[in-house]
Amino acid sequence: ITQRCYSGGPGAQVLGSYLEGPYFTPQNKGAHPPELFRELDLTELDELVAISRQTLRVVALAPEKTGALQAIHHLRQQGIRVMLGHSAASWAQTQAAFDAGASGLVHCYNGMTGLHHREPGMVGAGLTDPRAWLELIADGHHVHPAAMKLCCCCAKERLVLITDAMQAAGMPDGNYTLCGEKVDMHGGIVRTASGSLAGSTLSVDAAVRNMVELTGIAPEEAIHMASLHPAQLLGIDSHLGSLAVGKR
C-alpha cells in the first residue's frame, strides 16, 4: 500500500491505509482471530507509522483497552484518525474516547455494544455525539434496514458508507479465506465456520443504492455519505469529496 500511495499507478488513487486491529477485545471479535489481539504500545504504533512511511491514515481500536486514551491522543497528534470498534466498551468509555479525540465508530452496530435504554453502549454514544463519524456497511445483511434508517434519523450528516469488502467481492459463491481462516460465501454473504459474518462483498455504488432504497433518503444525501463525508473524516475535503471549483 505504501508503494502504491507514492507511485500512483493505474486505477483509483490509494489515499492510505486503515489499520483495523490488533488492539481489540475478544467479546466482539467478528471474524478477527482473537489470538492475534494485543495490548496497546505507543512504541509499536510509532513503528507501524514509520513502516507505512506516513501513509497510515486511520487506526481502529477498542476504547476500553489499557492505555487507549493515551494512544488516541498520541495518534491524533500525528494527524492519524482513530475509530472505535470490535469492543465491549460502555457508553461512558466510548464518550471518554471521543473526548480524547477519537473520530467515530468502525462499522456502526457491528462488533460493538448495542443500544440499550439503560446502557446506551457504543452505538448509543455514536448516534448521539455530534463529533462522531459513523461508518456503516449498507448491504442489508450486516445492519437491518430499520437500524440503517435510525442512523439517518440521528446522524445523516455523519454517516460514512464503507464496504468492509473482502477478497470474494465481485466473485461467485464458494470457499475463500480471510486472515488465513476458511470462509464460505453463499448468496453473496460471507461467513466463518462458526457463522459469524466475515466482511462483505459490497461495492460502494451498491451501498449508495441500498441507502436510497432501504431508508428512503435522497440520492444526493446517500452520495455525500460515500464521497464528501469520508473526505471530511480524513480531513481532505478541501480538494476531494465533492464537485466544486478548484477541487479535483
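How each quantity is defined
Residues numbered from 1 in each chain as written. Predicted model: local features only at pLDDT ≥ 70, side-chain atom pairs only at ≥ 80, totals over all residues. Heavy atoms only, no water. Helix = DSSP H or I, 4+ residues; strand = E, 2+ residues; numbered from the N terminus. Rg over C-alpha atoms; globule rule 2.2 N^0.38 Å. Buried < 20%, exposed > 50% of the residue type's maximum accessible area, 1.4 Å probe, protein only. Contact = heavy atoms within 4.5 Å. Areas by Shrake-Rupley, 256 points an atom, 1.4 Å probe, with all protein chains shown as cover. Polar contact = N/O pair within 3.5 Å; in protein donor to acceptor, adjacent residues only side chain to side chain. Pairing = 2+ DSSP bridges. Right-handed = clockwise from strand over helix to strand, strands pointing away. Axes fitted to C-alpha atoms, helices over the stretch in contact; angles between N-to-C directions. Parallel < 35°, antiparallel > 145°, perpendicular 65-115°, else oblique. Nonpolar A, V, L, I, M, F, W, Y, C, P; charged D, E, K, R; others polar. Phe/Tyr/Trp six-rings, centres within 6.5 Å; stacked < 30°, edge-to-face > 60°.

Tell me about the overall build of the chain, residues and numbers included.
When its secondary structure is counted, the chain shows nine helices and nine strands. Its C-alpha atoms give the chain a radius of gyration of 18 Å, near enough to 18 Å, the size a compact globule of 248 residues would have. Counting only C-alpha atoms and orienting by the principal axes, one finds that the chain spans roughly 45 × 45 × 40 Å. Out of the 248 residues belonging to the chain, those deemed buried represent 46%. Pairs at least 24 apart in sequence give 60% of the contacts found in the chain among residues at least 6 apart. Counting every atom, the chain has about 12100 Å² of accessible surface; 56% of that belongs to carbon and sulfur.

Just give me the short version of the side chain of Asp-129, but keep the residues and values in it.
Among the secondary structure elements, Asp-129 is positioned in the loop between helix 5 (121-128) and strand 5 (133-137). Looking at Asp-129, its side chain comes within polar contact range of the side chain of Arg-131, at 2.8 Å.

Pulling in residues and values, what's your account of the pairing of strand 2 (residues 56-61)?
By the criterion of burial, strand 2 is predominantly enclosed, with five of the six residues buried. Bridge count for strand 1 (residues 17-20) against strand 2 is four bridges, and the pairing is parallel. Counted as the bridge partner of Leu-19 is Val-59 from strand 2. Taken together, strand 1, helix 2 (residues 42-51) and strand 2 form a β-α-β motif whose crossover is right-handed.

Please give an account of the packing of helix 6 (residues 145-155) against helix 7 (residues 204-215) that cites residues and values.
How two helices pack is summed up by the angle between their axes together with the distance between the axes. Viewed as axis vectors pointing N to C, helix 6 and helix 7 meet at an angle of 95°, and their least axial separation amounts to 9 Å. Compared by their axis directions, helix 6 and helix 7 come out roughly perpendicular. Within the contact between the two elements, helix 6 uses Pro-145, Met-148, Lys-149 and Cys-152 and helix 7 uses Asn-210, Met-211, Leu-214 and Thr-215. Of the residues in the contact of helix 6 with helix 7, the class split is five nonpolar, two polar and one charged.

Tell me what's going on with the packing of aromatic side chains, and back it up with residues and numbers.
Inspection of every chain in the model, using the stated rule, returns one aromatic pair. With a centroid separation of 5.9 Å and 90° between ring planes, the pair formed by Phe-24 and Phe-37 is classed as edge-to-face. Here Phe-37 lies in the loop between strand 1 and helix 2 and Phe-24 lies in the loop between strand 1 and helix 2, a separation of 13 residues in the sequence. Exposure class is identical for Phe-24 and Phe-37. Each is buried.

Account for the sheet that holds strand 3 (residues 81-84), with residues named and values stated.
Spatial ordering of the open sheet is given by 1-2-3-4-5-6, a layout of six strands whose pairing is parallel. Looking at strand neighbours, the two that pair on one side only are strand 1 and strand 6 (159-162), the edges of this open sheet. Most of the contacts of helix 3 (residues 68-77) go to strand 3, to which it runs at about 145°, and overall it touches strand 2 and strand 3.

For the sheet that holds strand 8 (residues 181-186), give the residues involved together with the corresponding values.
Judged by pairing direction, the sheet is antiparallel, and its three strands sit side by side in the order 7-8-9 without closing on themselves. Of all the strands in the sheet, just strand 7 (174-178) and strand 9 (189-192) have a single pairing partner and so form its edges. When strand polarity is set aside, the average angle formed by the axes of neighbouring strands in this sheet is 35°. Here strand 7 runs beside strand 8; their pairing, made up of five bridges, is antiparallel. From the neighbouring strand, Gly-174 faces strand 8, where its bridge partner is Met-185.

By themselves, these figures tell us nothing about what the structure is for.
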